[in-house]
Amino acid sequence: MLEQGQSFDKLRMSGVGMERKDMKFTLLAAIALTLPVAAHAQAPGEESALRTVQCDYACLTGTMQQFMDALAAGDPSALPVSGDLLYTENNVPLALGQGSWHTTREVDDNGLLVADETTGHAAWFGSIRENDFASFYAVRIHVTDGLIDEAEAVIHRKSALPAPYGDWQGMEHFAEFAQILPEEERRPRERMLAIADAYFDTVELNDGQVFAPFSEDCARLENGILTTAPIPGQQQSAAAIASGCREQFELGIYRINKRIRRHLPLVDEQRGVVVGAGFFDHANEFDRYLLTNGSEMKTALKWPNSITLLEAFRIRNGEIQRIEATFTYVPYFMHNPFWGDEAVFPQYAARPEECESACLTANASALASAMVGNRWQGLNWSERAVGYAENSVGIRIGESVWRTATAVDPAPLIVADEQTGKAVWIGRIEEHGQPAWAAITMLSDGDAIGGADVLVRRKEYGPPYAEPVRAPQFTALPAGERTSRAEMAAAMHTFFTALQGDAPAPDLFAEECRWLVNGQDVGACPAPFGSPALTAIERVRDIELLAMDEQRGLAIYRQYEDRPATDGTGYPLTYQVVELARFERGQITRIEAFTSELPYGMRPITDR
């Protein structure tokens, strides 16, 4: 065996027998024949110790501009893409050509372009026109052997949620991002990464302590708004409280950021640019807090949410000089597919002999009640893997709504089904006193709780929505007015089929049937069929029976509705829906639907 630092030639001179020498030479020759001649493998995770630039700055920015030109044309067919391309919009994997590719009509001709020859990444920041409105848009691509194998887009559309939305026509990118720095003003890649990381450390749990170095003239542009200096006529931002990057962080304005999950894929040393991608997790475990000057801040939202972002930093003389970010809201703790696979959500078969209807009802009731005060430790959890999701995102029990809920409905609707092993809890919850609708599906593992899939619908997402006062209630029907399980299942299959496209209203509804969505009465049940409310649906998918109750005539399903906005209005989105139908004498007399808006194409946690 070779001593550390000893060459094979030295071993040959040490009197080792010829037989052993021949064996060594034969072994080394065999190994050499199995290695690619051009490879000089050295660092873990790298194919070669010899680094070569496959696509230089001009190549990368040219490919990035080609991507944006294709987006403007709505046609990706001419793009040089890898067969294993991973493309996402707001962290949802899509086929290239879906989502914003169907709605984009125009792209800025002055977008901010940045690139990294070493890692093969490029990025673009600007705005696009989707159908009848503008959206702020940023995208990162990765190029290998001349082919795009990663494309990660963040798109911010104007909504009722409190986020910057600037004047896209008047937006001017910071010119410094394109300027080459003198040698003495540059910093090595490792230091630039540390500085950008220090920025995110400063934002996380921001309490006045500043880890990152900022220049005196530091400025930040977010979704087209300068948020570090007040400008007359501009949407109000943090600049109304304090001017300057350091000054805002010293006040502790951004304390709501419980966690900053990020990676930093792009560095350009010549121009002093770093680009990061990630999430700001706003836990909102408190709804008000004190700044370092003693004044009180109230959170803009009372409930857990995350923003996904692409953010560019310009670093000069070791200080952050300019920042440009594009970000938008996504469900709390959403996952980035480029960071690896999500955790598997466990599924358990129903075992009615261990947990009948009363057992399921009790577990669902205990689960919802324990959310107030974050009392999850006292619940009867499965000894096997437990799954938990909110608005289709897997998260740890004890986070999110567990830390914001201040009250739950004392008289909820609970539908338990021994055959599915699930119970659905529907009612009002309050987060820091603000009411919202919740539909909580409890999955049993025998007599224990094996998981929960929680849908929460808040008022900020707009109509259809009526503030919850009490849960819907349904009494048991006389035996002669009940509908069998098989008949309810057949009727719901017909119902879901008719939801897609221009299908007429199916012959399922009683004359008095009313349809409520998030508590708001939207009309007679047949009315939406053939109207824009339903013709905008591209497809209804991932339909799952949650629970049925023949005595009360109730059938509850979960489905996903994709709305691609190809009719020229709005933007692509997907709804997660918990749909309840009340049957009497074989007809539907009421529909109660509860919806959660998700990024377009998002799939259920159990199917990712």
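So, here is what we can say about the structure in this document. (Residues numbered from 1 in each chain as written. Predicted model: local features only at pLDDT ≥ 70, side-chain atom pairs only at ≥ 80, totals over all residues. Heavy atoms only, no water.)

We now examine the state of the cysteines. One pass over the structure, following the stated rule, counts four disulfides. The disulfide bridge from Cys55 ends at Cys59, spanning 1.8 Å between sulfur atoms. Negative torsions about the S-S bond denote left-handed disulfides, and the value of about -95° found for Cys55 with Cys59 makes this one left-handed. Take Cys55: its relative accessible area is 5%, and that puts it in the buried class. Sulfur-sulfur distance for the disulfide between Cys513 and Cys525 comes to 2.0 Å. Residues Cys513 and Cys525 are joined through a disulfide that is left-handed, its torsion about the S-S bond being -65°. With Cys513 in strand 23 (residues 509-517) and Cys525 in the loop between strand 24 (520-524) and helix 9 (532-535), this pair connects stretches of sequence that are twelve residues apart. We classify Cys513 as buried; its relative accessible area is 1%. Disulfide connectivity for the chain, with bonded cysteines indexed by sequence position, reads 1-2, 3-4, 5-6, 7-8. (Disulfide = S-S within 2.5 Å. Buried < 20%, exposed > 50% of the residue type's maximum accessible area, 1.4 Å probe, protein only. Helix = DSSP H or I, 4+ residues; strand = E, 2+ residues; numbered from the N terminus.)

Time to look at the pattern of salt bridges. Note on pairing: side chains with opposite charge can pair once their charged atoms come close. Considering all chains together, one arrives at 44 salt bridges under this definition. Between Arg140 and Glu150 there is a salt bridge, and its shortest N-O distance comes to 2.8 Å. Taken together, the positions of Arg140 in strand 6 (residues 133-144) and Glu150 in strand 7 (residues 147-157) put the pair ten residues apart, joining distant regions of the chain. The exposure class of Arg140 is buried, given its relative accessible area of 1%. One salt bridge in this structure joins Glu285 and Arg403, with 3.6 Å as the shortest N-O distance. Of this pair, Glu285 sits in the loop between strand 11 (273-282) and strand 12 (288-290) while Arg403 sits in helix 7 (residues 401-404), placing them 118 residues apart in sequence. Look at the salt bridges and you will find they share partners, linking Lys258, Arg259, Arg261, Asp281, Glu285, Arg396, Glu399 and Arg403 into a network. (Salt bridge = Lys/Arg side-chain N within 4 Å of Asp/Glu carboxyl O.)

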